[in-house]
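Coordinate inspection notes
As a plain string of letters, each chain reads:
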Amino acid sequence: MEVYESKEYKRGRTGYIMQSAFDYFISIMITDAFLAKLLTSIGISDALAGIIASFISFAFLFQLLSIALANRIRNTKYVVSAVDFLSQVCFISIYTVPFMNLSMELKSAITVILVIAAYMMKYVVSSIYFKWANSFVDPLHRAEFSAGKEIISLLGGIVFTLAMGYIVDAFDASGNTAGGFIFIAAVMLVLNILNFASFMMIPNEPHKEEKKAAPKGALFKNTFGNKSFRNVVIMTALWEIGRYSSYGFMGTFKTNDLLISVSTIQIINTAANIIRMIVSKPFGRFSDKFSYAKGFELAFAIAGTGFLLNFFTTPKTWWIIIIFTVLYYVSLAGTNQNSSNIMYSYVDSDYIVQAIAIKNSIAGVLGFAASLGASRILSWVQANGNTVFGIPMYGQQLLSGISFVIILIALLFTKLVIEKQKTMVQ
């Protein structure tokens, strides 16, 4: 459409792409091996580390607040950018915790508070931001644009991840782990400034007007009263429960049990991201052509295979973690692109923000609850000398098996229910 080729819309998409990239770089520093190293230095157990790593799932609950804010924010651009900036400051502050002259218990508590505060602010505006930034994208090419945006983030992330991995290992090798944490915090601060600048590139919502209050009961009718929407919530919940039953515990599994160095882990992640980047555009075209539901089905099949293989990962077969990582990352090329876009197929556009918030909140809470249950299973297995009913097995192996079963159910549900639903074009 002609309007999407205007300078204003192109600038909006450019800012959207840049912001996504800088945000992704920051997220690398608060996940997987980097976060695992930080939490281990504080003295946090593997079980608690897995829960903290899974807070991203629980944090989706805060998107419910966006339901009340969606139609009350008059300046979307400045509210979203300011709240996101503060969120990133909390993430940066996590790397100052090891320097606090406090007990391990207090450090753990502060870390949890900072993580919750960061994700709370981030996700209270995330669905509002999605609708705002996505309004500059051609509706007929949403999945393909998401794929292109993702490729740029991944390409930059490859270089960034490798560099940071080697630098952090260099600090460790010199006996200056604390110096590595300071360096990470400084890099995150610079990235946060660039992230904020990217927000400023995106024009405010086009033709934004103050909306009248919707008729009483309209929100319920267009969300929970919508059977197609409810089914999407179920599908998303199964996916979140499946992956958070094990993935949040893989960071410490790699570093503590498989004894893989941070730099090696980043090389593995880099290879996985390269492959994900290669398949991202085809994945997007596939979803745009056939449906977002079919895109999810393919992603679930790939992820399920990865978790099944990871069930057999031990120090002797540590290389399986490479295959698992590749398959998991590739599956995200499908789930990440389609997670919010699928709402356009089943929910009226006037309720997209609210629908995304509700869907992510329910699925996120259930995913976090799954991580809590998984942490107890992991602690039980470790307390029994890494055995399950007398069979030698790491807790993460058992959790991977559980993830496989749940994701298989998600795949079948999508195929038999979601795929058969009538879709909307808007």
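Residues numbered from 1 in each chain as written. Predicted model: local features only at pLDDT ≥ 70, side-chain atom pairs only at ≥ 80, totals over all residues. Heavy atoms only, no water.

Counting its secondary structure elements, the chain contains 19 helices and two strands. On C-alpha atoms alone, the chain measures out to a radius of gyration of 21 Å, which is about the 22 Å that the 2.2 N^0.38 rule sets for 426 residues. Along the first, second and third principal axes, the C-alpha set of the chain runs to 60 × 45 × 40 Å. With 426 residues in all, the chain has 55% of them scored as buried. (Helix = DSSP H or I, 4+ residues; strand = E, 2+ residues; numbered from the N terminus. Rg over C-alpha atoms; globule rule 2.2 N^0.38 Å. Buried < 20%, exposed > 50% of the residue type's maximum accessible area, 1.4 Å probe, protein only.)

Next up on the list: the pattern of salt bridges. Evaluated as defined, the whole model comprises ten salt bridges. Residue Asp 84 is joined to Lys 122 by a salt bridge in which the shortest nitrogen-to-oxygen separation is 3.6 Å. Of this pair, Asp 84 sits in helix H6 (residues 76–94) while Lys 122 sits in helix H7 (residues 104–124), and the two are 38 residues apart along the sequence. For the pair shown, Asp 84 and Lys 122 are each scored as buried. Arg 285 is paired through a salt bridge with Glu 144; the nearest N and O atoms lie 3.5 Å apart. (Salt bridge = Lys/Arg side-chain N within 4 Å of Asp/Glu carboxyl O.)

Glancing now at a nonpolar patch on the surface. Nonpolar side chains collect at one region of the surface, where Leu 309, Trp 318, Trp 319, Ile 322 and Ile 323 lie side by side and expose about 420 Å² of accessible area between them. You can see Ile 322 is positioned in helix H16 (residues 320–341). On the basis of relative accessibility, which here comes to 31%, the residue Ile 322 falls in the partly exposed class. (Patch = residues over 30% accessible without salt bridge, like charges linked within 9 Å, V, L, I, M, F, W, Y side chains within 5 Å. Areas by Shrake-Rupley, 256 points an atom, 1.4 Å probe, with all protein chains shown as cover.)

Attention shifts here to helix H9 (residues 142–173). Look at H9: 45 Å from first C-alpha to last across 32 residues, which is about the 46 Å you get at 1.5 Å a residue. Count one or two residues on from H9 and you reach Gly 175, which has phi positive near 75 degrees. (Expected span 1.5 Å × (residues − 1).)

As a further point, take the nonpolar core. Formed by 113 residues in total, the largest nonpolar core has its most connected members in Met 29, Phe 34, Tyr 95, Met 188, Ile 342 and Met 343. Once residues within four sequence positions are removed from consideration, Met 188 is found in contact with Ile 26, Met 29, Ile 30, Phe 91, Ile 92 and Tyr 95. (Core = buried A, V, L, I, M, F, W, Y, C linked by side-chain atoms within 4.5 Å. Contact = heavy atoms within 4.5 Å.)

Contact pair helix H2 (residues 32–42) / helix H13 (residues 250–257): the axes reach a minimum separation of 8 Å and the direction vectors enclose 70 degrees. On the basis of the axis angle, H2 is roughly perpendicular to H13. Where H2 approaches H13, its residues Asp 32, Ala 36 and Thr 40 are matched on the opposing element by Gly 251, Thr 252, Lys 254, Thr 255 and Asn 256. A class-by-class count of the residues in the contact of H2 with H13 yields one nonpolar, five polar and two charged. (Axes fitted to C-alpha atoms, helices over the stretch in contact; angles between N-to-C directions. Parallel < 35°, antiparallel > 145°, perpendicular 65-115°, else oblique. Nonpolar A, V, L, I, M, F, W, Y, C, P; charged D, E, K, R; others polar.)

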